[in-house]
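Residue-level listing of the chains:
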Amino acid sequence: MTGKDGGGKGRLFTVGLVTAWYSSNIGVLLLNKYLLSNYGFKYPIFLTMCHMAACSLFSYAAIAWLRIVPMQLPRSRLQLAKIAALSAVFCASVVSGNVSLRYLPVSFNQAIGATTPFFTAVFAYIMTVKRESFLTYLALVPVVTGVIIASGGEPSFHLFGFIMCVGATAARALKTVLQGILMSSDGEKIHSMNLLMYMAPIAVILLVPATIFMEDNVIAVTMELAKKDFNIIWYLLINSSLAYFVNLTNFLVTKHTSALTLQVLGNAKGAVAVVISILIFRNPVSVTGMLGYTLTVIGVVLYSEAKKAHQAMKPEDIEEAV
């Protein structure tokens, strides 16, 4: 009886974690869209700076006080420089993604974002000469083809928004590959939550001058908005908090579920975000656009399966295959 109760509680805990992960991911995406597009808060760099400031504070509190993971200190100036480089790429990705939400519906934004594996494979090949199997590369064909089809059938297509979203997706993939290269040695491996704690304040330092020069008078404008509608302050606070909880829940779900479960949930998350965004924002969608997005998702699933099969092969099997 106790075993069953324990198993039931464990499943309930996992379901709660996954719900929190989905809610924070989709919540921050939809709130970003609402603020930058529907509400008319046209300051994506400042919004990203708020996200990074919240991540800085919450990360330190979670590690130094709550001790969710052991604190790791940078071992050298070189390692700190590497973290700063990752932070710069991370900034570019988040800012570009937020800019794209001003011009594109969430559904199309997610379709483009699903091409991350394509850019990851390209950057990994260029920077590490790491080759995947032929089937893995073949699976990327529907990923890219789906986005091309979705672009042609997107009623709200905007070229600048499209370029920004592709740039954000490429930067996200570049960060993943760079992180693998820069933090690969045993002496430089750092936990993802510690990495966020160091990257976030560096991002704030990078974003402050960008905000001052590119989004002039944003603080005064925000204060004026708050006088008319104080909800803008709550929106920014909730949005910034969610930005941190995306990272926290991702870490917890990774810790408490299997790699396969995480893969399936990750593939489904984008589709759920698309459906919810269409229901909330009522943006027009076409059959061609949805078919393109579906093809991209299928390609991502096939890519994940092909990569997993390739990694599972023993060295002798790979030699035989070659």
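Predicted model, so just to flag it, every value in this text is computed and none were measured.

Criteria and thresholds
- Residues numbered from 1 in each chain as written.
- Predicted model: local features only at pLDDT ≥ 70, side-chain atom pairs only at ≥ 80, totals over all residues.
- Heavy atoms only, no water.
- Salt bridge = Lys/Arg side-chain N within 4 Å of Asp/Glu carboxyl O.
- Helix = DSSP H or I, 4+ residues; strand = E, 2+ residues; numbered from the N terminus.
- Phe/Tyr/Trp six-rings, centres within 6.5 Å; stacked < 30°, edge-to-face > 60°.
- Buried < 20%, exposed > 50% of the residue type's maximum accessible area, 1.4 Å probe, protein only.
- Lys NZ or Arg CZ within 6 Å of the ring centre and 35° of its normal.
- Core = buried A, V, L, I, M, F, W, Y, C linked by side-chain atoms within 4.5 Å.
- Contact = heavy atoms within 4.5 Å.

Colleague: In this structure, what is going on with the pattern of salt bridges? I would like to understand it.
Modeller: Tallying each qualifying case throughout the model produces 3 salt bridges. Residue Lys307 is joined to Glu132 by a salt bridge in which the shortest nitrogen-to-oxygen separation is 3.9 Å. In this pair, Lys307 sits in helix 12 (residues 287-312) while Glu132 sits in the loop between helix 5 (116-128) and helix 6 (134-152), placing the two residues 175 residues apart along the sequence. Of the charged contacts in the structure, one is a salt bridge between Glu224 and Lys227, with a shortest N-O distance of 3.3 Å. Of the two residues, Glu224 and Lys227 both sit in helix 9 (residues 218-228), 3 residues apart, roughly one turn of that helix.

Colleague: Help me understand the packing of aromatic side chains, please; the structure alone is not making it clear to me.
Modeller: Here a ring pair, both rings aromatic, is described through the centre-centre distance and the interplanar angle of the planes. Enumeration over the complete set of coordinates arrives at 15 aromatic pairs. Here Phe41 and Phe46 contribute two aromatic rings whose centre-to-centre distance is 6.2 Å and whose plane-to-plane angle is 55°, an arrangement assigned as tilted. Exposure class is identical for Phe41 and Phe46. Each is buried. Of the aromatic side chains, those joined through ring pairs into one cluster are Tyr34, Tyr39 and Tyr235. Across from the ring centre of Phe90, 5.7 Å away, lies the NZ or CZ of Lys175, which sits over that ring.

Colleague: Sorry if this is basic, but what is going on with the nonpolar core here?
Modeller: Generally speaking, soluble globular proteins have nonpolar side chains that are buried together. One finds Phe46 and Ile83 to be the most contacted residues of the largest nonpolar core, which totals 58 residues. Top contributing element to this core by residue count: helix 8 (residues 192-214), with 11 residues. Setting aside residues no more than four positions away along its own chain, Phe46 makes contact with Phe41, Thr211, Glu215, Val218, Ile219, Thr222 and Leu236. In terms of nonpolar packing, the next biggest core, distinct from the first, is built from 10 residues, Leu104, Phe108, Ile112 and Ile278 among them.

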